[in-house]
Amino acid sequence: MSEFGLGRSVPRFEDGRFLTGRGRYSDDINLPGQARAVFLRSPHANALLKSVDTSAARAAPGVVAVYTGADIRADGLGGLPAMGNLKRRGAPMYKPPRPALAQGQVRFVGDCVAMVIAETLTQARDAAEHIAVDYDPLPQVTGTAEAAAPGAVAVWPDCPDNICFEFEAGDEARVDRAFQTAAHVTSLDIVINRVSAAPLEPRAATGQYDATDERYTLYTGAQNPHTLRRILSQMILRIPETRLRVVSPDMGGAFGMRSETYGDLALVLWAARKVGRPVKWTGERMEGFVNDNQARDNVTRVELALDGEGNFLALKVETLAALGAYLSLGATTPPTLNVGGLSGVYTTPAVHVRVKGVFTNTPSTAPYRGAGRPEASYVIERVIDTAARELGIDPIDLRRRNFIPADAMPYDTKFVFEYDSGEFEKNQDSVQALIDWAGFEARRKESRERGRLRGIGLANTIARSAAMGDETAEIRFDPTGGVTLLMGTHSHGQGHETVFRQLLADKLGLDPETVRYVQGDTDQVAHGGGTFGTRSTGLGGGALVRAAEKIIEKGTAVAAHLLEAAGGDIEFREGRFRIKGTDRSVSLADVARATYTPGALPPGIEPAFGERAAFAPVRPSFPNGSHACEVEIDPETGTVTLLRYCAVDDAGTIMNPLLLDGQIHGGIVQGLGQVLMENIVWDPSGQPVAASFLDYAMPRADSAPFFELETNVVPTKANPLGVKGVGEAGTVGALPCLMNAIVDALAPLGVRTLDMPATPERVWRAIRAAAK
């Protein structure tokens, strides 16, 4: 194995430019003659737009143009689409219109009313303040459960009960029969709070129109540039796809939030054509909190039926999932696509889930790190811990009684998912030893002697990955032997430039530092699915393996000709083609150069050296693991301190241990942020309470201990590399693991459950309520 081969902890090649200020993000892109745009946003959660007077703004210094909903309607600009074709009481789900600029009514604080374009950003901001909007405020509803209650304010008149869709999966009759015979039923009401992705880099976009070519270019950070191009061109601008280029540069975090087709992306393109010059918009942090897609926000009731021996008989789940005022592109994904995770790693014979999507006067919700996977894991793992406490059974033992055994693989859960591989009990045994579960009671006693409450929690996780679409990879050699790698995936912090170069080093013997890496440009990369759902290494890596195999196949034919040998006598190893049993060989670079040399190729071989391949899995992968942590609580203040966090994850084949650990670290921190502090809420008037980092708490370096991680490698057969992925594993495990530990610490006081976030105030109030 070379120093750069698969399995090596190679530091990220891209970090050099990031750490020295040479990264190129969306806001770093400035085009000659560009104008600056700002958006006027609604201060009301629900209001009629009686009039929008832009005359003073148009006359302000430096103003190039001012646009409203009437302008885009007159120009025929299409609305923003939403995927999903679910049902609502037998009829199609309700899909409200979503213009890029509000028309007639605003429905959440931050809804976009007008676009101002000026020579400078300051001039655009000043002009926006001159727009006179006559709002007629209306009653509003921001709470998920409140919006679904009888008599609630209707966000959309055509959807008077605010129910967008109704979804169910599983065998309800079988579940009901199991509950009738159960020796014990545990019920738990759960609120999964709403959070913001809050990436390090705010969103930005620059639109350009070339009148000569009649062609648009969009520069913006996007997780799926090709999908974005298709939607913008076909559904909104209504132009041929070839007339739009999307360039997605470096991204400072995405987490699902940048997979949306936002109205501002369409508007900078449309406006660039209208004003005849590039138009640039850079979002401010407060705009991100009121306009970017948000996530989670579920109200769930879960019931677990058990027999007298503690065996799971059935699981019943009912969820209200907030969607916001409008449907995001992937609105239905988190509440419905990954409900299979409710089976967990257990042999529960019958599961039934019912989900209702609910409109509220809030920003849209959308996929966010895990996209339904953490929610499912949270529900099943929280109810198991609660059942164990009610039955007086050790939570470790209760889980052990219900594990899917490793020798049962592949295992059909009879509820959505079929697992291909996994050693779930081994994961739990390993993390139990890692955190020293047996010695916990002694540590609890020591904390109690200091006046502290100590708790321990565990969660077993499993999540579907690499389940959607296909992916492509292309390897190009130039006449000098230089190599360019073009990937359809898109890194926003995962380290793709490193791990895919490692893969080339492993398969083709190339020096990864000499490989030019290209992503995110729809003019250069022919096709790509993008990065989401823990798909990049499985699908992108699978495509790259196939492209490398094609290179070797063609290279073998050329090498045989150059070496005057039969093709069957040629072997490829460590970057060279050799005649078996001899020292005669040519390098891969020699072969590449020969393909550009007239007369150097055998008959039937086309000139040039490059191959593109695609990979689509026949089934998904299922990364899994077991997480355990310990917390300590100060009962006088309610402050929760995370003391230890251990995890054992099965991510399949490990391509780069250093990057794998980094992904798990990031996922855990995002999970603990939601559990301990992050929370998007509104006051009674519909105003967001947290719209900046002054009000929205985020985890810091001192919020977490050093993580203790191990792996249990069980390769999957779902892709050529055997990788299962790890991008979302940390978050899937952290939510239930940490909350189980917090409740365990509070349980001796009589606290049965607690909802996220476990802020000091909320914990303090729970302690005081239990003491009454």
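Let me sum up the structure you'll find in this document. Computed from a prediction, not measured in an experiment: that's the story for all the values here.

**Some remarks on the side chain of His-492**
Relative to the assigned elements, His-492 resides in the loop between β22 (483–487) and α15 (496–508). A polar contact is formed between the side chain of His-492 and the backbone oxygen of His-490, at a distance of 3.5 Å.

**Digging into the state of the cysteines**
For the structure on display, the rule yields zero disulfides. The closest cysteine sulfur to the non-disulfide-bonded Cys-164 is located on Cys-159, 6.7 Å from its own sulfur. By relative accessible area, Cys-164 is classed as buried at 0%. Left unpaired, Cys-737 is separated from the closest cysteine sulfur, that of Cys-629, by 3.5 Å.

**As for empty space enclosed by the protein**
With the rule as written, the count across this model stands at eight cavities of 30 Å³ or more. Empty space within the largest cavity amounts to approximately 170 Å³. As for the largest cavity, its lining consists of 19 residues, of which Arg-98, Ala-100, Cys-112, Gly-263 and Asn-291 are closest to the centre. For the lining of the largest cavity, the secondary-structure elements that each account for two or more residues are β1 (35–41) and α8 (263–275). At three residues, α8 tops the list of elements feeding residues into the lining of the largest cavity. Split by residue class, the lining of the largest cavity holds 11 nonpolar, three polar and five charged.

**Describing the packing of α15 against helix α16 (residues 536–563)**
It is the contact of α15 with α16, at a shortest axis distance of 10 Å, that shows an interaxial angle of 35°. Crossing of α15 against α16: the hand is right-handed. Facing His-496, Phe-500, Leu-503, Leu-504, Lys-507 and Leu-508 of α15, the residues of α16 in contact are Ser-536, Gly-540, Gly-541, Leu-544, Val-545, Ala-548, Ile-551 and Ile-552. Grouping the constituent residues of the contact of α15 with α16 by class yields nine nonpolar, four polar and one charged.

**Examining the side chain of Thr-336**
By secondary structure assignment, the location of Thr-336 is in helix α10 (residues 333–337). The buried category is assigned to Thr-336, whose relative accessible area is 11%. Here Thr-332 takes part through its backbone oxygen, which lies 2.5 Å from a polar atom of the side chain of Thr-336. In this structure, Thr-336 is in contact with Leu-86, Phe-165 and Phe-167, ignoring residues within four places of it in sequence.

**Regarding the layout of surface pockets**
Its volume calculated, the second largest pocket comes out at about 510 Å³. Along the walls of the second largest pocket sit 21 residues, with Phe-39, Leu-40, Arg-41, Glu-284 and Glu-287 positioned nearest its centre. Of all the secondary-structure elements, those providing two or more residues to the lining of the second largest pocket are β1, α4 (121–128), β14 (279–282) and α9 (285–291). Sort the elements by how many residues they give to the lining of the second largest pocket and β1 lands first, with five residues. Of the residues contributing to the lining of the second largest pocket, the split by class is 12 nonpolar, four polar and five charged.

**Notes on the environment of Glu-260**
Among the structural elements, Glu-260 can be located in the loop between β13 (244–247) and α8. Measuring from C-alpha to C-alpha, the distance between Glu-260 and Gly-330 comes to 7.6 Å, with 70 residues separating the pair along the chain. In this structure Glu-260 touches Leu-228, Leu-265, Asn-293, Ser-328 and Leu-329, once residues within four positions along its chain are discounted. Only 2.8 Å separates the side chain of Glu-260 from the side chain of Asn-293, close enough to count as a polar contact.

**Some points on the packing of helix α11 (residues 373–391) against helix α19 (residues 729–746)**
When two helices pack together, their arrangement is given by the angle between their axes and by how far apart the axes lie. Contact pair α11 / α19: the axes reach a minimum separation of 8 Å and the direction vectors enclose 30°. Relative to α19, the element α11 lies roughly parallel. As α11 packs across α19, the resulting crossing turns out to be right-handed. Facing α11, whose interface residues are Arg-373, Pro-374, Ser-377, Tyr-378, Glu-381, Arg-382, Asp-385 and Arg-389, α19 presents Thr-731, Val-732, Leu-735, Pro-736, Met-739, Asn-740, Val-743 and Asp-744.

**Considerations on the packing of aromatic side chains**
Under the counting rule described, the total for this entry stands at 19 aromatic pairs. Seen from their ring centres, Tyr-94 and Phe-359 are 5.9 Å apart, and the 90° between their planes marks the pair as edge-to-face. Taken together, the residues span a long stretch of sequence, with Tyr-94 in the loop between β5 (91–92) and β6 (105–106) and Phe-359 in strand β17 (residues 350–359) at a distance of 265 residues. Consider the rings of Phe-108 and Tyr-326, whose centres lie 6.1 Å apart with planes at 75°: the pair is edge-to-face. Of this pair, Phe-108 sits in the loop between β6 and β7 (112–118) while Tyr-326 sits in the loop between β16 (312–324) and α10, placing them 218 residues apart in sequence. Take Phe-108 and Tyr-326: they sit in the same class, and that class is buried. The ring centre of Trp-156 lies 3.5 Å from the NZ or CZ of Arg-107, which sits over that ring. Sitting over the face of the ring of Tyr-262, Arg-203 holds its NZ or CZ atom 3.6 Å from the ring centroid.

Rules used throughout
Residues numbered from 1 in each chain as written. Predicted model: local features only at pLDDT ≥ 70, side-chain atom pairs only at ≥ 80, totals over all residues. Heavy atoms only, no water. Helix = DSSP H or I, 4+ residues; strand = E, 2+ residues; numbered from the N terminus. Polar contact = N/O pair within 3.5 Å; in protein donor to acceptor, adjacent residues only side chain to side chain. Disulfide = S-S within 2.5 Å. Buried < 20%, exposed > 50% of the residue type's maximum accessible area, 1.4 Å probe, protein only. 1 Å grid on protein atoms, 1.4 Å probe; cavity = no way out; pocket = protein on both sides within 12 Å on 5 of 7 lines; lining within 4 Å. Points joined across faces, edges and corners; volume = space filled by probe spheres on them. Nonpolar A, V, L, I, M, F, W, Y, C, P; charged D, E, K, R; others polar. Axes fitted to C-alpha atoms, helices over the stretch in contact; angles between N-to-C directions. Left-handed = near helix turned anticlockwise from the far one by under 90°. Contact = heavy atoms within 4.5 Å. Parallel < 35°, antiparallel > 145°, perpendicular 65-115°, else oblique. Phe/Tyr/Trp six-rings, centres within 6.5 Å; stacked < 30°, edge-to-face > 60°. Lys NZ or Arg CZ within 6 Å of the ring centre and 35° of its normal.

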